[in-house]
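Below are the chains, spelled out letter by letter.
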Amino acid sequence: MAEISAKIVQELRQKTGAGMMDCKKALQQTDGDIEKAIEWLRQKGIAKAEKGAGRIAAEGLVENYIQPDGQVGVLIEVNCQTDFVARNEAFKALVQNLAKQAATADSVESLLAQPYIEDESVKVEDVLKQSIAQLGENIQVRRFTKFDLAQGTQGVIDSYIHTGGRVGVLVELNTQTAGGGSESSQTLARNIAMQVAACPNVEYVNVDEIPADVVQKEKDIEMGRDDLGNKPQNIKEKIVQGRIEKRLKEMTLLDQPYIRDQSITVEELIKQSAGQAGGSVHVRRFTRYVLGEGIEKQESNFAEEVAAQMGTK
């Protein structure tokens, strides 16, 4: 049997609008031949000519789920086609359930294959199909990130959702205090998540995390700027070094001015909180989702779309 890559599964999914697990099965049944897989899906009635199946889903919601003990957290993005459906209560409830369910999954594929938490007689992927039929739009689980504290690690995981589910952040703090999951630690984690949401340029916790190739790229950009062209090499190097240090700090969380008190940095905020708790606290990791980022939205002519649905031109 031919090896079925994630890339070809995604390609088949885009061509047919069928679910991920159905696409994978179709490719397995046809030895990876995408055209035969399309025929197989059509024969099974899965790749039907759904109005929404081929449409780009770039709206939707970013949602979170944090276990009550703060030991596991999930950030998920579920897409639909319009903001109208994104505001629908049935869609919101679906996304909330998917966020909670993702706490027991390792990938989008494994999530879709699980029995649905609200009705274990059906799989998550089947529930998505039902929702597509009910709401009349293409709905896709685009991605999720799960953080869980390593065994024996003290700390807390928290999240923040901004602007009605369009931006979301997940943060893990590790502590060396007995109250790793205390209310103060939870509050600190939430405030840091809000900080990340407000700082789109932040990609790393601290400067030490920035890969060498990223640093070199920034240096190459600065060295090539026109305003340095006529300066001696030693002067140019000093100017570039200063600019790079500034740029790298713009990319790191700990060097940001704290949004609720611009007189201190996030690093100083964490030190203050650690001192009050009688231990140490550090940000282990974070992730930030922006709804629809990287998805090319499709522009369509409404009259042509209606005509196509009516079978006329």
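Since we're looking at a predicted model, the values are computed, not measured.

## Digging into the sheet that holds strand 2 (residues 72–80)
At step 1: Read from one edge to the other, the open sheet built from three strands follows the order 1-2-5, with strand pairing classed as antiparallel. With partners counted over all chains shown, the strands left at the sheet margins are strand 1 (59–66) and strand 5 (140–148), one partner each. Across this sheet, the average inter-strand angle for adjacent strands is 10°, counted without regard to direction.
At step 2: Two strands pair when backbone bridges link them, and strand 1 and strand 2 are joined in this way by eight bridges, in the antiparallel orientation.

## Describing the nonpolar core
At step 1: Counting residues in hydrophobic clusters, the biggest one holds 44 residues, and the most contacted among them are Leu 12, Ile 76, Phe 91, Ile 139 and Val 141.
At step 2: For Phe 91, the residues in contact, after removing those within four places along its chain, are Gly 60, Leu 61, Val 78, Asn 79, Cys 80, Val 85, Ala 86, Leu 135 and Ile 139.
At step 3: Membership of the second largest hydrophobic core comes to 27 residues, among which are Leu 253, Tyr 258, Val 266 and Leu 269.

## Digging into helix 2 (residues 20–29)
At step 1: Among the residues of helix 2, those classed as buried are Met 20, Asp 22, Cys 23, Ala 26 and Leu 27. The arc enclosing the buried residues of helix 2, seen along the axis, measures out at 165°, which places them on a common side.
At step 2: Backbone geometry just after helix 2 places Asp 31 at a positive phi near 55°.

The rules behind the values
Residue numbering note: each chain is counted from 1, following its sequence as written. Note on the predicted model: pLDDT of at least 70 is required for a residue's local features to be given, and 80 or more for side-chain atom pairs to be given and counted; whole-chain, interface and lining totals, by contrast, use all residues. Side-chain metrics rest on all non-hydrogen atoms present in the structure, leaving aside hydrogens and water. Criterion used throughout: strands pair if DSSP finds at least two bridges between them. The way it works is that DSSP assigns letters per residue, a run of H or I at least four long becomes a helix, a run of E at least two long becomes a strand, and they are numbered from the N terminus. To get an axis, a line is fitted to the C-alpha atoms, and for a helix only the part in contact is used. The angle between two axes follows their N-to-C directions and goes from 0 to 180 degrees. Here, nonpolar core means buried Ala, Val, Leu, Ile, Met, Phe, Trp, Tyr and Cys residues that are tied together by side-chain atoms lying within 4.5 Å of each other. Per-residue accessibility, obtained with a 1.4 Å probe over protein chains only, is compared with the maximum for each type, and a residue is labelled buried under 20%, exposed over 50%, and partly exposed between these values. The contact criterion used is simple: two residues touch if any of their non-hydrogen atoms lie within 4.5 Å. When we speak of the arc, we mean the arc of directions from the helix axis to the C-beta atoms.

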